[in-house]
Amino acid sequence: MIKKSLYICLIGFTLTGCNSKDGQNQKKNIVPTVTITSPIELNSSKQSEVNGLIESPQIVQIKNRVDGFIDSQNFQDGAFVHKGDVLYKIDDRQLKNQLTSLSANLKQSMLNLSNLEKQKNRMEKLVKVGGVSEQELDNTNTLIEKEKAIGSSFVAQIEKLKLDISFAIIKAPISGYIEKSQQPVGSYVQANGAMLTQIYVSSPLYFTVMLSSNEAKPSSGKITVGSNEKIGNLKYCDPMADNSGMVKCRYQFNADSKIEIGTMGKFTFNGAIKEGLFIPQECLVQGPNGRSVYIIKNNKAYIKRVETAQWIGSNVEILSGIEKTDKIAKTGIINLRDNIEIKVQK
């Protein structure tokens with residue numbers, strides 16, 4: 001009885017062992033089922049970043065237009081000045097003395113001319129009765145013309161002196177930030193000589209960058225200078241490229257705070273629109289060496305490394321690793337490995 005029971009147990013164990021081995025073989029022979037997709041072409045643009053320089057659209061040099069000593073400086077270096085503000089005063093005492101002297105000379109000339117005109121009138125009457133000769137009358141007329149010329153000369157000199165006196169007060173021709181004065185108070189300056197200072201327009205400003213002449217120029221972009229971020233709009237690009245094939249472009253933006261001219265910054269923009277290959281994000285497999293996809297070919301799955309770029313919605317751009325005609329596993333990829341047979345779900 002004991003032997004019979006043992007025999008039954010051994011048979012049962014043998015049958016159980018065989019069933020377990022068959023189950024493992026069946027599990028190994030399961031073919032993964034996947035759905036597939038093809039890459040699609042979408043319009044995309046690559047974001048680029050270049051360095052640039054803050055420039056003012058207008059910088060005006062301030063120079064004196066008359067000789068003289070600087071009497072006063074009426075601004076603080078680096079301050080904002082308005083158009084018409086008095087910047088400097090040049091000592092104009094000598095000019096005013098000359099004006100007084102010329103005005104007296106003109107007055108005397110006008111008196112001389114008046115006397116000659118009266119003399120002429122008397123002589124014209126005397127010529128008729130033979131009191132004076134025609135030659136004497138002609139001489140008087142000549143003196144009158146000379147005196148008129150002298151008077152005109154005085155008038156011209158007086159007008160110039162008045163203009164020079166007005167130039168002795170130097171005003172701001174534009175509104176903007178003014179730089180440090182180059183000439184101290186008390187120094188002698190000559191007309192149209194060394195620059196006294198300069199004023200630059202502070203808003204709007206230009207952000208100048210160098211862009212490739214072979215690519216379309218973006219109409220706008222983000223300008224970053226320190227903690228300041230502004231949107232710049234294309235003002236103009238130079239018509240000629242330099243020897244390296246780069247073109248200077250200027251983007252205009254409004255500055256709501258003082259930004260130093262010559263400050264470096266960054267210009268971020270979207271590049272030219274182009275077609276790119278995109279696949280759904282669920283097709284990607286993240287591994288220790290980067291991202292991959294499974295290419296489906298002849299009912300087999302082959303793993304392929306890919307280089308990704310930007311995302312548009314749920315799709316990711318693939319820069320390299322796939323072709324437009326490839327079939328790519330979309331679902332069921334968790335059960336895949338390289339060079340494995342698969343079944344494509346219809």
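Residues numbered from 1 in each chain as written. Predicted model: local features only at pLDDT ≥ 70, side-chain atom pairs only at ≥ 80, totals over all residues. Heavy atoms only, no water.

**Considerations on the sheet that holds strand β14 (residues 228–237)**
- Strand order in this closed barrel of six strands is β3-β12-β15-β14-β13-β16, and the pairing throughout is antiparallel. Each strand of the sheet is rotated relative to its neighbour by a mean of 40°, with strand direction disregarded.
- As paired strands, strand β13 (residues 220–225) and β14 are joined by six bridges and run antiparallel to one another. Counted as the bridge partner of lysine 222 is isoleucine 231 from β14. (Pairing = 2+ DSSP bridges. Helix = DSSP H or I, 4+ residues; strand = E, 2+ residues; numbered from the N terminus. Axes fitted to C-alpha atoms, helices over the stretch in contact; angles between N-to-C directions.)

**Some details on the pattern of salt bridges**
- Applying the stated rule across the entire model yields 10 salt bridges.
- A salt bridge links aspartate 77 to lysine 180, with the nearest nitrogen and oxygen atoms 3.9 Å apart. Of the two residues, aspartate 77 sits in the loop between β5 (68–73) and β6 (80–81) while lysine 180 sits in the loop between β9 (176–178) and β10 (188–189), which places them 103 residues apart along the sequence.
- The exposure class of lysine 180 is exposed, given its relative accessible area of 54%.
- Between arginine 250 and aspartate 238 there is a salt bridge, and its shortest N-O distance comes to 3.3 Å. Taken together, the residues arginine 250 in strand β15 (residues 246–253) and aspartate 238 in the loop between β14 and β15 connect sequence positions 12 residues apart.
- Linked through salt bridges whose partners overlap, the residues forming this network are Glu55, Asp238 and Arg250. (Salt bridge = Lys/Arg side-chain N within 4 Å of Asp/Glu carboxyl O. Buried < 20%, exposed > 50% of the residue type's maximum accessible area, 1.4 Å probe, protein only.)

**As for unusual backbone geometry**
- For the peptide bond that leads from serine 203 to proline 204, omega is 0°, which places it in the cis range.
- Of note, asparagine 298 is a non-glycine position whose phi angle comes to about 55°, a positive value.
- Within the secondary structure layout, asparagine 298 lies in the loop between β19 (290–297) and β20 (300–305).
- Among the residues examined, asparagine 298 registers a relative accessible area of 69% and is labelled exposed.
- The backbone of asparagine 299 sits at a positive phi, close to 60°, despite the residue not being glycine.
- With respect to the secondary-structure elements, asparagine 299 resides in the loop between β19 and β20.

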